[in-house]
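# Survey of secondary and tertiary structure
Spelled out from the first residue to the last, the chains are:
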Amino acid sequence: MITKSRGASRLAAGLIAVMMLSACGGGGDTAGSGGSGGGSGDGASTLRVWFPGNLAEEISWVNEKLVPAFEAEHKVDVQVEFVDWANLATRLSTAFAGGTAPDIFGHGNAAAAGYAANNRVIALDDYLAKMPDSDVKDLTFLDQGKVGGKQIIMPLRGFGHLLAYRTDLFQEAGLDPASPPATWQDLRAAADKLVVRDGDRITRSGVIFPADDPTSMSQAFGSFLFQAGGSFADESGTTVTWNSDAGKRALDFLAAFYTGPKAVSTGLGEATSGAGAQHPLVTGRAAMAVIDEATLKSIHEQAPDVAAKIKLAPPLKDTTAASFGGAGNGLFISADSGHKDQAWQFIEFLLKPANAKAYVQAVGGIPARASLATDPELAAQQYIKPYMDAAAQFRGNPNIATWTQQREALAKEIEAVLRGKTPAAEALDRAATEAAALAKQN
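In this text, all values refer to a predicted model and were calculated from it rather than measured experimentally.

Looking only at helices and strands, the chain has 19 helices and 16 strands in total. Across the chain, every contact between residues at least 6 apart in sequence was considered, and the portion connecting residues at least 24 apart equals 75%. Entry remark: accessible area of the chain is about 17900 Å², with carbon and sulfur atoms responsible for 50%.

So this is what it looks like as structure tokens:
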């Protein structure tokens, strides 16, 4: 956990406030002004905010620029904590149980339905209704933050998975770097040409996929599922559909890269997210890799010479051009907060165009505003522009209360398939049965 120093924040406020955008409209804290609330024990002038993660660039920007500028425009003191992702759910559960939850907290979009079902957060529709229509329409991932038709989370950025490839290794293998794989067949053919073996041992993977842990493996499966025309669940979110014919075909296709005599991929369980100079694309242990924008950003920052040799392909296609992605992390307002109006002011301030731009410059990802897709500075960033261009083709998780539990059941089975322990059809059916039981219990 990293906590902001309030004294340093106040000093910085006077120095940089003039450089930041004007804040959103003022107004008192009508939702509980003066109360101690669940998240503000220091009085109505203190707003407690938890951001997830420990990315140095994000910590610096939030503490040194965003918060001081907001404090300079509002009569409020902001206390920020950065909570490691691995501890976030536990910390939040403890805080809610003890009545010490923050006024605002960040989390992944997949958590929205669960917090809504347990009445831990408020719907934001009344606040959105007061924003100009042009602003609301400009918020790219707004619809993906809805649960049961209500806005539960405000996405701060988007993310996505795209195929990255080494142009020099393409040329070495006799492939045209200007014509990257566009279909499943293209991908498999390129991987077969790019793989390097020493006897039975693969020394350079033709392609690798997100495989840090079972959850990331399920996201790799998700890309192929969407490309095959499938989905995780039906439109209502109540019926699992990942074990459809499309799902089984997708998992069989993915597994064939890692298992059997024609395997071309290695590295299951290897931590590659955000790996920078140690990523297999950089070290030459892989010629192609499906990666997210934050990982590509780390490569550009830590290995710029190799990054210049990396290009990205648009989303692949079987029956549909798509890839796993969409709304990433966002902010909730705690139902226990005594300062909901001030909490919304902070969220709206963060989503102002200049701040939304600065946020993705620090963190990476797709900006929360569609209008920023044409921003010259963002368009010049090769770890941002390809993902902005593909934003409409990203698909994500269903917003249902038991999704994170269902995902665990699915991820466990996918890992077994990728390790050659279980047939794809059997694994997906078993995961679907477990998911149905979870939904029924809920």
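A separate point is empty space enclosed by the protein. Picture a little ball the size of a water molecule; that probe, rolled over the atoms, points out where space is still empty. This model, assessed by the stated rule, comprises one cavity of 30 Å³ or more. Estimated volume of the largest cavity: approximately 90 Å³. Around the largest cavity, the lining comprises 14 residues; the ones closest to its centre are Leu163, Gln227, Val290, Leu316 and Ser323. Sorting the residues of the lining of the largest cavity by element identifies β8 (157-166) and α9 (214-227) as the ones contributing at least two each.

Right, let's get into the side chain of Asp135. As for its position among the elements, Asp135 is in helix α6 (residues 133-138). Side-chain polar atoms of Asp135 contact the side chain of Arg369, separated by 3.3 Å.

The computed volume of the second largest pocket comes to approximately 450 Å³. Contributing to the lining of the second largest pocket are 19 residues, with Ser231, Ala233, Asp234, Gly396 and Pro398 lying nearest its centre. Tallied by class, residues from the lining of the second largest pocket come to seven nonpolar, nine polar and three charged.

This part covers unusual backbone geometry. A positive phi angle, close to 55 degrees, is found at Asn119, a residue other than glycine. Turning to its location among the elements, Asn119 is positioned in the loop between α4 (112-117) and α5 (125-128).

Now for the pairing of strand β2 (residues 46-52). The buried count for β2 comes to seven of seven residues, which makes it a mostly enclosed element. The alternating pattern of β2 places Thr46, Arg48, Trp50 and Pro52 and Leu47, Val49 and Phe51 on opposite faces, both of which are buried. Inspection of the sheet shows β2 paired to strand β3 (residues 77-83) by seven bridges, in the parallel sense. Bridge pairing links Arg48 to Gln79 in β3.

We now examine the packing of aromatic side chains. Scanning the model with the defined rule gives 24 aromatic pairs in all. For the ring pair Trp184 and Phe224, a centre distance of 5.6 Å and an interplane angle of 80 degrees mean the geometry is edge-to-face. With a gap of 40 residues between them, Trp184 in helix α8 (residues 184-194) and Phe224 in helix α9 connect regions that are remote in the sequence. For the pair Trp184 and Phe224, one class covers both residues: buried. Consider the rings of Phe224 and Phe253, whose centres lie 5.3 Å apart with planes at 75 degrees: the pair is edge-to-face. Placement of the pair is Phe224 in helix α9 and Phe253 in helix α10 (residues 245-258), with a sequence separation of 29 residues. For Phe224, a relative accessible area of 3% puts it in the buried group. Every member of this aromatic cluster is reached through a ring pair, and the members are Phe159, Phe221, Phe226, Phe232, Trp242, Phe324 and Trp403. Above the plane of the ring of Trp50 lies Arg91, whose end atom (NZ or CZ) is 4.4 Å from the centre. For the cation-ring pair, Arg188 lies above Phe257, with the distance from its terminal atom to the ring centre recorded as 5.0 Å.

What follows covers the pairing of β8. For β8, the tally of buried residues reaches ten of ten residues, placing the bulk of the element in the interior. Burial along β8 is two-sided: Arg157, Phe159, His161, Leu163 and Tyr165 facing one way and Gly158, Gly160, Leu162, Ala164 and Arg166 facing the other are all buried. In this structure, β8 lies alongside strand β13 (residues 323-327), joined through three bridges in antiparallel fashion. In the strand pairing of β13, Gly160 is matched with Gly325. Bridge count between β8 and strand β12 (residues 310-313): four bridges; the pairing is antiparallel. Its bridge partner lying in β12, Tyr165 is registered against Lys311.

Take the environment of Ser244 next. Looking at the secondary structure, you find Ser244 in the loop between α9 and α10. It is 8.9 Å that separates the C-alpha atoms of Ser244 and Asp429, two residues lying 185 residues apart in sequence.

A word on the packing of helix α2 (residues 56-73) against helix α14 (residues 340-350). Orientation of α2 relative to α14, taken along the N-to-C sense of each, is 130 degrees, at an axis distance of 11 Å. It follows that α2 is oblique to α14 by the angle criterion. For α2 against α14, the interelement crossing comes out right-handed. Contacts between α2 and α14 involve Leu66, Val67, Ala69 and Phe70 on the former and, on the latter, Gln342, Gln345, Phe346, Phe349 and Leu350. Tallied by class, the residues present in the contact of α2 with α14 amount to seven nonpolar, two polar and no charged.

Scoring rules and cut-offs
Residues numbered from 1 in each chain as written. Predicted model: local features only at pLDDT ≥ 70, side-chain atom pairs only at ≥ 80, totals over all residues. Heavy atoms only, no water. Helix = DSSP H or I, 4+ residues; strand = E, 2+ residues; numbered from the N terminus. Contact = heavy atoms within 4.5 Å. Areas by Shrake-Rupley, 256 points an atom, 1.4 Å probe, with all protein chains shown as cover. 1 Å grid on protein atoms, 1.4 Å probe; cavity = no way out; pocket = protein on both sides within 12 Å on 5 of 7 lines; lining within 4 Å. Points joined across faces, edges and corners; volume = space filled by probe spheres on them. Polar contact = N/O pair within 3.5 Å; in protein donor to acceptor, adjacent residues only side chain to side chain. Nonpolar A, V, L, I, M, F, W, Y, C, P; charged D, E, K, R; others polar. Buried < 20%, exposed > 50% of the residue type's maximum accessible area, 1.4 Å probe, protein only. Pairing = 2+ DSSP bridges. Phe/Tyr/Trp six-rings, centres within 6.5 Å; stacked < 30°, edge-to-face > 60°. Lys NZ or Arg CZ within 6 Å of the ring centre and 35° of its normal. Axes fitted to C-alpha atoms, helices over the stretch in contact; angles between N-to-C directions. Parallel < 35°, antiparallel > 145°, perpendicular 65-115°, else oblique. Left-handed = near helix turned anticlockwise from the far one by under 90°.

Worth remembering: the numbers are spatial, not functional.
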